[in-house]
Each structure stands twice: as C-alpha cells, then as structure tokens.
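# Commentary on secondary and tertiary structure
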Amino acid sequence: MATRMAVGVDLVSVSRVDRLLADNPAAEQDIFTPREVGYCAGKRNRTAHLAARFAAKEAVLKALGTGLGPGMRWTDVEVVNTPLGAPRVRLSGGAAERAAHVGASSAEISLSHSGDYAIAHAVMFLRTATGPDDASADDASTDHASTDEG
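## Some details on the overall build of the protein chain
- When helices and strands are counted, the protein chain shows 5 helices and 6 strands.
- Helices and strands in the protein chain line up, N terminus first, as β-α-α-α-α-β-β-α-β-β-β.
- Within the protein chain, buried positions represent 49% of all 150 residues.
- Restricting to contacts in the protein chain with at least 6 residues of sequence separation, those with at least 24 account for 66%.
- Split by element, the accessible area of the protein chain, about 7400 Å² in all, is 52% carbon and sulfur.

What follows is the structure, given as structure tokens:
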C-alpha cells in the first residue's frame, strides 16, 4: 500500500472574522466548537486565535479535496491542543466520513497569526491501494493533525 500527501492552506483576515462574528453572533457556534471557543476565550487576542482556527478548518477541508462539502459542518473539523499547546485536528461527522473515504491515515497542521492575518497549513497522509501517481485528483484527503500556533 502506498502513501501520498494532500495539502491545504488558507489565509484569513482577522478583521473579517471579527466582522463576521460581530454581525452574526450565532455564527460563532456554527463555526467553532465549545472547546475552541473556550480555548480562545482566555487569549489576549481572542479573534486572532479564532481566525487561525477558521483558517485551519478551511485548510483541512481543502486537503480533503472538498471544501465544506455536502453533509459537512464547520464544527466537523475541530482544532484541539495538546497539554503543551500544540494544535491537533479532530474530525467528526461528514469530515471524518470523507477522511475515511480517501484513506486519510494522519495529518499535520500549522497555525500562525500576525497583525491582521491568520494562516493555516494542513498536510494529510493518505493510504492508497495503488501508487501515489495513480490516485485521482478527486481523492484529495484529511484527518487528524498537529502543529504550532504563533
């Protein structure tokens, strides 16, 4: 069995996320899990940390090859932290189903924010029955992840 990588990256304006949440307070619970909101609540620049998590969700969904596809919710991709603070991805619902479909075995994420921008990069490792060059472009990937947030 061969392994291949699928990647996703997303850059988001912190002020855009701030406006989104200010204009539509219900969006926070539609996009972020209670654990994500709780983690960011204690941070000096709460919105930048939320924006990094939003970018991570986008990056992971891009690596899955779908974006926010049918049957998926934003909260199906959750950024959690290890005891030492390194971010990891926990998938559920439609995102976990997609990851299983494409053979995602693991993932790594990296988060950062500076000024008005937050960025996330996701690398997914996929198990393929054929060689890495034989996989179709439609079978891009995802699953659980790790990283640093600045």
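## As for the sheet that holds strand β5 (residues 117-128)
- The antiparallel open sheet is built from 3 strands, whose spatial order is β1-β5-β4. The strands lining the two open edges of the sheet, one partner per strand, are β1 (2-13) and β4 (104-114). Neighbour-to-neighbour, the strand axes of this sheet turn through a mean angle of 15°, independent of strand direction.
- Here β4 runs beside β5; their pairing, made up of 10 bridges, is antiparallel.

## Notes on a nonpolar patch on the surface
- There is a patch of nonpolar side chains on the surface, built from Val9, Leu11, Tyr117 and Ile119 and spanning about 370 Å² of accessible area.
- Looking at the nonpolar patch, the elements with two or more residues in it are β1 and β5.
- Its place among the elements puts Leu11 in strand β1.

## Details of the side chain of Thr75
- Assignment of secondary structure puts Thr75 in the loop between α4 (46-63) and β2 (77-81).
- Looking at Thr75, the relative accessible area reads 16%, which means it is buried.
- Ignoring any residue separated from it by four or fewer positions in sequence, one finds Thr75 in contact with Gln29, Asp30, Ile31, Phe32, Thr33, Lys57 and Ser92.

## A word on the pairing of β2
- Of all the 5 residues making up β2, 4 are buried; the element is thus mostly covered by neighbouring parts of the structure.
- As paired strands, β2 and strand β3 (residues 87-91) are joined by 5 bridges and run antiparallel to one another. Bridging across to β3, Val77 finds its partner in Leu91.
- Hairpin connection from β2 to β3: 5 residues lie between these consecutive antiparallel strands, with Gly85 at a positive phi of about 100°.

What counts and how
- Numbers given for residues are sequential positions, taken from 1 along each chain in its written order.
- Residue-level local features of this predicted model are given only where pLDDT is at least 70; pairs of side-chain atoms are given and counted only at 80 or more, and the full residue set underlies all totals for whole chains, interfaces and linings.
- With hydrogens and water set aside, each side-chain value is computed from the structure's full complement of heavy atoms.
- Strands are runs of DSSP state E lasting at least two residues, helices are runs of H or I lasting at least four, and both sets are numbered from the N terminus onward.
- Each residue's exposure class comes from its accessible area (1.4 Å probe, protein chains only) as a fraction of the maximum for that residue type: buried when under 20%, exposed when over 50%, partly exposed otherwise.
- Here a residue-residue contact requires only that any non-hydrogen atoms of the pair lie within 4.5 Å.
- Using a 1.4 Å probe, the Shrake-Rupley method yields the accessible areas, and only the shown protein chains count as cover for residues.
- For two strands to pair, DSSP has to find at least two bridges joining them.
- Between the N-to-C directions of two axes lies an angle of 0 to 180 degrees, each axis being a line fitted to C-alpha atoms and, for a helix, fitted only over the stretch in contact.
- Each patch is built from residues lacking any salt bridge and having more than 30% relative accessible area; the joining distance is 9 Å for like charges and 5 Å for nonpolar side chains (Val, Leu, Ile, Met, Phe, Trp, Tyr).
- Whenever Lys or Arg places a side-chain nitrogen within 4 Å of a carboxyl oxygen from Asp or Glu, that contact is recorded as a salt bridge.

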